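Given next are the chains, with one letter for each unit.
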Amino acid sequence: MKLALVLLTATVLIGGIAFWFLQPRLSREERRLVGRWENELYGQKTHCEFLANRSYDSGATVLPGLKTCWEISDGQLTLTSSYEDSSLLATSALLRLLRDVPILDRYVTLKVKFAQQFSLRWIGEDEVALTLPNRAKEEFNERDPSEITMRRVAAPK
């Protein structure tokens, strides 16, 4: 029994170490972006935070359960948001019908995944400009700024 406990503990420990080593590491530029940032949009200051585990917090609760991750590659910042919810009505009549079946209702979910890319340009160590690519500018309102400047701020205590 003791041998089985020792082997189980060693397996869990080795598995945990392997999992930690196999996780993608932040690049130098990504480490630079980790922290809390402030920008001004439409005359209002907003804050966002890029965490070391690649999660992104805009401070706004758009949808409960919305998760956003970030990464930088070749000077492009990509924010990928995903949302999964079984409590919302599905748009298809078949999916709405399946949601009414007691056993199937937990398997019928709304899943949404979308990504937004920005060109990233460092202005200084604590200031960065994010620019929408030309094709994305056409999708947004013409009044929206095509470039957002963010400044690093201290995290609240």
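Here, the structure is the one placed above.
Residue numbers run consecutively from 1 along every chain, following the written order of its sequence. Totals for whole chains, interfaces and linings use all residues, but because this is a predicted model, local features are given only for residues with pLDDT of at least 70 and pairs of side-chain atoms are given and counted only at 80 or more. Hydrogens and water are ignored here; the side-chain numbers use all heavy atoms of the structure.

## Side note on the pattern of salt bridges
The term salt bridge refers to a pairing of a side-chain nitrogen on Lys or Arg with a carboxyl oxygen on Asp or Glu at a separation within 4 Å. Taken as a whole and judged by the stated rule, the model has six salt bridges. Among the salt bridges present, the one from K45 reaches E38, with a minimum N-O distance of 3.9 Å. Judged by its relative accessible area of 54%, K45 is exposed. For D126, the salt bridge identified is with R152, shortest N-O distance 2.9 Å. In this pair, D126 sits in the loop between β6 (110-124) and β7 (127-131) while R152 sits in strand β8 (residues 147-153), placing the two residues 26 residues apart along the sequence. On the basis of relative accessible area, D126 is assigned to the partly exposed category, the value being 42%. Think of it in three bands: with a 1.4 Å probe and only protein chains considered, a residue is buried below 20% of the maximum accessible area for its type, exposed above 50%, and partly exposed in between. Segments assigned H or I by DSSP are reported as helices when at least four residues long, segments assigned E as strands when at least two residues long, and all are numbered from the N terminus.

## Let's talk about the pairing of strand β1 (residues 35-41)
At least two bridges found by DSSP between two strands are what make those strands a pair. Inspection of the sheet shows β1 paired to strand β2 (residues 44-50) by seven bridges, in the antiparallel sense. Paired with L41 across the strands is Q44, a residue of β2. Between β1 and β2, which follow one another and run antiparallel, lie two residues, and Y42 among them has a positive phi close to 55°. In this sheet, β8 lies alongside β1 in antiparallel orientation, the contact comprising three bridges. Across the sheet, residue W37 finds its bridge partner in β8, namely R152.

## Some words on the nonpolar core
To form a nonpolar core, buried Ala, Val, Leu, Ile, Met, Phe, Trp, Tyr and Cys residues must be joined to one another through side-chain atoms within 4.5 Å. Counting 16 residues, the largest nonpolar core has L33, W37, F50, W70, L77 and M150 as the members making the most contacts within it. Secondary structure elements with two or more residues in this core: β2, β4 (67-73), β5 (76-85), β6 and β7. With three residues, the single largest contributor to this core is β6. The contact definition used throughout considers only heavy atoms, calling two residues in contact when any of these lie within 4.5 Å. Excluding residues within four positions of it along the chain, M150 makes contact with L33, W37, E38, N39, C48, F50, D126, E127, V128 and L130.

Everything listed here is a matter of coordinates, which is why it stays silent on function.
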